[in-house]
Amino acid sequence: MLKMPGGEDKGIFPRPPRNVAKYTNNSSKCDGKLPACTACEKSGRTGECSSANDQFAKGKERSYVASLESRVEKLEKRIAYARNRKASVAMHDGEDPGEVPDRKDSLATIRAAIHGKAARRREAADVDELVSDFGFLSVNATTRDFEASTTNMTFARLILAAANNDPVPSSQPFNLPSRPAALALIQYYLDNVFALFPVFSETALFNALDAVYQENGRQVTDFEHWLLYMVFAIGATGQSRSHHDALYADGVLWVGRALRYADRVLMPGYVSQIQALVLLVQYSMLDPAHFDSWQLIGFACRAIVDLGFHQDPPKEQQTEKKTLELRRKIFYCVYSLDRSISMVHARSFSFTDDSTSVMLPLVTSPMPASGQSSTNGPHSLETAFMLFQLRQLQSSWYQELFQSSRDPLQNSSTYIWQMCQEMREWSESFPDSLPLAFKEFFDLELLYSYVYCLAPSCRVQTVINYGKTLIFEYSIAYMQKIFPISRDPINTAFYTYHDALRVYFVGGQFVSVLLENQDQLLNGGLPYAPILAGAPPPPPLPNNAGIDSIDRSINCVTHIKETLRTFGHRWEDSKALLSSFELQAEPLIAALHRRKHHIEEISRSSHSPPVYVPQPGFDQVNSLTAEEWSNMGNGFGSMGTLQGGHGGGPPHVL
């Protein structure tokens, strides 16, 4: 709004003041006198005389009203031009803006600057859209109309950009394997992976197989392509023994073929998105060179929360039983993977247990006999059910000891004994029909959990002597079991790169506890097990605890190295773990060999072999049942604690 000389706001086209006649009548028109015309001098407005502008030279001005009208006209044209410019830049087009007034002094420069800016924005379009679309996705992750037609950035591309390590080779034209070969890959997946993670129905998988392999049949959906190709990829890579063999190469090619459908399969808001992400997570655990499993499971957990699968639907909501059971299985598959992956990387969970409320799925079908083929019937959920139970136990103590706070935990031994007792009771519930491959798989999980739970943590930084002995003995037991499994020419169960991380973690705890407590752990003596009133008995020691500890220690270090070396053939990242462990273990190996040489020298000088003498009462103590432990009361006290524990938690391996 323009302001008149008198100070009043009169709008865009104000009426002339009362003395306008002095400017406009014939007797008082502007005579061009400088510095002010005669009319302005007579009216006492010498300082307010209309000056010359870019249309009229000095001395040739119009009247005051004409000057204002001319100014208003130019301002309106500037506004129109600014609007055209804004629309032009927003559309990122290369066309000239609409006709604007001829401004020889500055408009050409402004126009050139505008189009230069538009060109720069076009060059940076991918980055701009990634940032803007990421913000959009964080608010509208369940939007179903987030199509590629509206933007160049899809949710799938965001996932792959965040989770890709090395790029997957682009898929080339290919021929499907023979149907028997395809069935063999599917059978391997069902027996070793699906038995633990039943994230989809077996019927859906075989329907996808029939749809892809039949000629002139029905149209195959994008998810069916993804499902079948990812199962092929996991089945091939799971059987690979080296990242240079044909099975690994086939797995990478199958993933490349599946990624053709990523934009539509990984679209938010659908159950199939979660199932597709779980398959990608499983493959990433077998191929860390191409995908980051921790990033992918984070996306899967976000999808679970966005669809509300972390809570059972309310009772008043009528949900079909089959749909509800599938929903629960999907949740616990994601839950189990999140807990396992977070623990091996020593990172926090994607969501806490307190934020979830989902019942475990029902176990309806019987467990097939060991070695029995499953092509004639569906797999039992019992193996997966047992894994879900273990992940719940692990989640409880990991959240409490490593993620909840850094305040010292009161009655820490009581809490740890209780957690170990619950895991031991879980292991005692193994059914007789459990296949041997999964029994070994769960035994390893139990030993790994023992070492992890007993290790120094944020809330328990000092480990009592008995706890150190348990770490020492369980680490040896873990390596004695996984060493032959790693060298088995046939991959059974679902062993992945994360098992290399577990070996590295157990090896780190073994070296740390033994370096600081050699005399206690290698002299054959065992500390008394602390009996705490109102607490469960501590975990039992293995039968050979305290016997030949030096030789067993040397063998354990050797097993750790050889296992990491074997895993290094499959996963290049395992070679870095081996190099790191060798540096940690070098002083320990030297100390063990010195100690062994010293004992041999003493033995030769005395002309008699060394004799192991158990500590008084040791055999009787370690053969007691849980009930006898409780009846003994406080007969065996703690040997005390050693201040300044050996570390503050598990190694953070990326």
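Bear in mind the structure is a predicted one, so any value in this text is a computation, not a measurement.

**Overview of the side chain of R339**
If you trace the backbone, R339 turns up in helix α14 (residues 321-344). Within the structure, the side chain of R339 is placed 2.8 Å from the backbone oxygen of F351, a separation counted as a polar contact. Separated by 2.8 Å, the side chains of R339 and D353 make a polar contact. When near neighbours in sequence (up to four residues on either side) are disregarded, R339 contacts F349, F351, T352, D353, R391 and S395.

**Describing helix α17 (residues 436-454)**
Taking 1.5 Å of rise per residue, the 19 residues of α17 would be expected to cover 27 Å, and the 27 Å separating its terminal C-alpha atoms lies within 8% of that figure. A large share of α17 lies buried, amounting to 15 of its 19 residues.

**Examining the nonpolar core**
Among the nonpolar cores identified, the biggest contains 160 residues, and W226, W397 and F442 are the most heavily contacted of them. The leading source of residues in this core is α17, at twelve residues. Apart from residues lying up to four places away in sequence, W397 is in contact with M343, F402, Y415, M419, M423, S449, Y452 and C453.

**Examining the environment of L286**
Along the chain, the position of L286 falls in helix α12 (residues 271-286). Spatially, the C-alpha atom of L286 lies 6.6 Å from that of T237, the residues being 49 residues apart in sequence. Apart from residues lying up to four places away in sequence, L286 is in contact with I234, T237, G238, F494, Y495, T496, R570 and W571.

**Observations regarding unusual backbone geometry**
Of note in the backbone geometry, A493 takes a positive phi value of approximately 55° without being a glycine. When you line up the elements, A493 lands in the loop between α18 (465-487) and α19 (497-516). Of the residues examined, A493 reaches a relative accessible area of 2% and is grouped as buried. The phi dihedral of D548 falls on the positive side, at around 50°, and the residue is not glycine. Structurally, D548 can be placed in the loop between α20 (518-522) and α21 (549-570). For D548, a relative accessible area of 53% puts it in the exposed group.

**Section: the packing of aromatic side chains**
Evaluation of the coordinates by the stated rule reveals 32 aromatic pairs. Measuring from centroid to centroid gives 5.1 Å for W426 and F430, while their planes differ by 90°, and the two rings are edge-to-face. Between the aromatic rings of F472 and F510, the centroid separation amounts to 5.4 Å while the plane-to-plane angle is 15°, which identifies the pairing as stacked. Of this pair, F472 sits in helix α18 while F510 sits in helix α19, placing them 38 residues apart in sequence. Every member of this aromatic cluster is reached through a ring pair, and the members are F349, W397, Y398, F402, Y448, Y452 and F505. Cation over ring: R257 sits above W254, and NZ or CZ is 4.5 Å from the ring centre. If you follow R502 out to its NZ or CZ, it ends over the ring of Y448, 5.3 Å from the centre.

**Some points on α14**
Over its 24 residues, α14 runs 35 Å from end to end, which matches the ideal 34 Å to within 8%, given 1.5 Å per residue. In terms of burial, α14 is a largely internal element, 20 of the 24 residues being buried. One or two steps after α14, the chain reaches A346, where phi turns positive at roughly 55°.

**Observations concerning the pattern of salt bridges**
For the coordinates displayed, the defined rule picks out 22 salt bridges. In this structure, D222 and R264 form a salt bridge, with 2.8 Å as the shortest nitrogen-oxygen distance. With D222 in helix α9 (residues 222-238) and R264 in helix α11 (residues 262-265), the pair connects residues that are 42 residues apart, well separated along the chain. According to the relative accessible area criterion, D222 is partly exposed, its value standing at 26%.

**Considering the environment of S405**
For S405, the position within the fold is in the loop between α15 (382-403) and α16 (412-427). By relative accessible area, S405 is classed as partly exposed at 25%. Residues S405 and R459, spaced 54 residues apart in sequence, show a C-alpha to C-alpha distance of 7.1 Å. The contact partners of S405, leaving out residues within four places of it in the chain, are C458 and R459. Within the structure, the side chain of S405 is placed 3.4 Å from the backbone nitrogen of D407, a separation counted as a polar contact. Here the side chain of S405 touches R459 through a polar contact of 3.5 Å, side chain to side chain.

**A few points about the environment of W294**
Summarising the element assignment, W294 is placed in helix α13 (residues 293-306). Of the residues examined, W294 reaches a relative accessible area of 26% and is grouped as partly exposed. C-alpha of W294 to C-alpha of D338: the two residues are 44 residues apart in sequence and 7.9 Å apart in space. Those residues within four positions of W294 in sequence are excluded, and the remaining contacts are I341, S342, H345, R347 and S348.

The rules we used
- Per-chain numbering applies: the sequence of each chain, read as written, is numbered from 1 onward.
- Since the coordinates come from a predicted model, pLDDT governs what is reported: local features require at least 70, and pairs of side-chain atoms require 80 or more to be given and counted, while whole-chain, interface and lining totals use all residues.
- As a convention, hydrogens and water are excluded, and side-chain values are obtained from all of the structure's heavy atoms.
- Numbering of helices and strands starts at the N terminus; helices are DSSP runs of H or I of at least 4 residues and strands are runs of E of at least 2.
- Each polar contact in these results corresponds to two N or O atoms within 3.5 Å; when the atoms are within protein, one needs to be able to donate a hydrogen and the other to accept it, and residues that are neighboring in sequence are counted only if both atoms are side-chain atoms.
- We call two residues contacting when some pair of their heavy atoms lies within 4.5 Å.
- By this rule the span expected of a helix is its residue count minus one, scaled by 1.5 Å.
- Type-normalised accessible area, obtained with a 1.4 Å probe on protein chains alone, sets the label of each residue: buried when under 20%, exposed when over 50%, and partly exposed for intermediate values.
- We define a nonpolar core as any set of buried Ala, Val, Leu, Ile, Met, Phe, Trp, Tyr and Cys residues linked to one another through side-chain atoms lying within 4.5 Å.
- By convention, a stacked pair of Phe, Tyr or Trp rings (six-membered ring in the case of Trp) has centres within 6.5 Å and planes under 30 degrees apart, an edge-to-face pair has planes over 60 apart, and any other such pair is tilted.
- A ring is considered to have a charge above it if a Lys NZ or an Arg CZ atom is located within 6 Å of its centre and within 35 degrees of its normal.
- Any carboxyl oxygen of Asp or Glu within 4 Å of a side-chain nitrogen of Lys or Arg constitutes a salt bridge here.

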